[in-house]
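Chain residues, written in single-letter form:
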Amino acid sequence: GLLSMIEQATEMGFIDPQRLAITGLSQGGHGTIALASAHPEMFVAAAPVCGYVERRFDDNKLRREATTATPEDPAVVTVAEKLAAMPVWLFHGDSDTVVSVTESRSLHKALTKLDATVKYTEVPDTGHNSWDAAYADADLAAWFREHTR
């Protein structure tokens, strides 16, 4: 899987493990959160874009409208506790109808409660495509370059 690919690329000298950061958008934002929280020792920083902590969809891939993330959700708290060891920069569009902005707001609040190093950029007047703004932000690239072990 992905972890073995990262390990092999590191062994081959393609990845500097002292500078390995992670980012992804939408489902990849979820993957960023999931992978970074499952292996916080592996990454120096994480930047999920319009991501979410846990699956908020039913078996038919329809959104569960009744499920809204909060900073007190056990899954959000657990993930925040694991991510607190690394800098995190969350991005989300304020008008996202695919992945609710409450996902990033809740994770941001949970990380803040833990005094984690966390940034949050809520992109105004933006739906699900907050990645254009996130990845066009030169500060994000500079932020990634700042982090080493």
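The structure this text deals with has already been given above.
Residues numbered from 1 in each chain as written. Predicted model: local features only at pLDDT ≥ 70, side-chain atom pairs only at ≥ 80, totals over all residues. Heavy atoms only, no water.

## Digging into the nonpolar core
What counts is decided by this rule: Side-chain atoms within 4.5 Å are what join buried Ala, Val, Leu, Ile, Met, Phe, Trp, Tyr and Cys residues into a set we call a nonpolar core. A simple rule labels every residue: compare its accessible area, found with a 1.4 Å probe on the protein chains alone, to the largest value its type can have, and call it buried under 20%, exposed over 50%, or partly exposed in between. Counting from the N terminus, the helices are the DSSP runs of H or I reaching at least four residues and the strands are the DSSP runs of E reaching at least two.
Counting 21 residues, the largest nonpolar core has A36, F43, L83, M86, V88, L107 and L111 as the members making the most contacts within it. When contributions to this core are tallied by element, the ones reaching two or more residues are helix 2 (27-38), helix 3 (74-83), strand 3 (88-93) and helix 4 (102-113). With four residues, the top contributor of residues to this core is helix 3. With 11 residues, the next largest nonpolar core counts A45, V49, L140 and F144 among its residues.

## Examining the packing of helix 3 against helix 4
We count it as follows: Interaxial angle, 0 to 180 degrees, is taken between N-to-C directions of lines fitted to C-alpha atoms, where a helix line uses only the stretch in contact. Between 65 and 115 degrees an angle is taken as roughly perpendicular, under 35 as roughly parallel, over 145 as roughly antiparallel, and anywhere else as oblique. Less than a right angle of anticlockwise turn of the near helix away from the far helix marks a crossing as left-handed, whereas a clockwise turn marks it as right-handed. Whether two residues are in contact is decided by their heavy atoms, any of which lying within 4.5 Å being enough. When residues are sorted by character, Ala, Val, Leu, Ile, Met, Phe, Trp, Tyr, Cys and Pro go into the nonpolar class, Asp, Glu, Lys and Arg into the charged class, and all the rest, Gly among them, into the polar class.
Running from N to C, helix 3 and helix 4 point in directions that differ by 55°, and their axes come no closer than 9 Å. Comparing the axis directions of helix 3 and helix 4 gives the class oblique. Here the hand of the crossing between helix 3 and helix 4 comes out right-handed. Residues V76, V79, A80 and L83 of helix 3 touch helix 4, and the partners they reach there are S106, L107, A110 and L111. Grouping the amino acids of the contact of helix 3 with helix 4 by side-chain chemistry returns seven nonpolar, one polar and no charged.

## Brief notes about the packing of aromatic side chains
What counts, and what does not: For Phe, Tyr and Trp, where Trp contributes only its six-membered ring, two rings pair if their centres lie within 6.5 Å, and the inter-plane angle classes them as stacked under 30 degrees, edge-to-face over 60, or tilted in between. Charges are assigned to positions over rings by a cutoff of 6 Å between ring centre and Lys NZ or Arg CZ, combined with an angular limit of 35 degrees from the ring normal.
Per the stated rule, a full pass over the model turns up three aromatic pairs. Ring geometry for W89 against F91: centres 4.8 Å apart, planes inclined by 25°, an arrangement best described as stacked. Neither W89 nor F91 differs from the other in exposure class; each is buried. With centroids separated by 5.6 Å and ring planes inclined at 75°, the aromatic side chains of W89 and W143 adopt a geometry described as edge-to-face. On the criterion of sequence distance, the pair formed by W89 in strand 3 and W143 in helix 6 (residues 138-146) is long-range, its members being 54 residues apart. There is no split in this pair, since W89 and W143 are both buried. A cation sits over an aromatic face here: K119 above W89, 3.7 Å from the ring centre.

Read these as layout, nothing more, since geometry by itself doesn't imply function.
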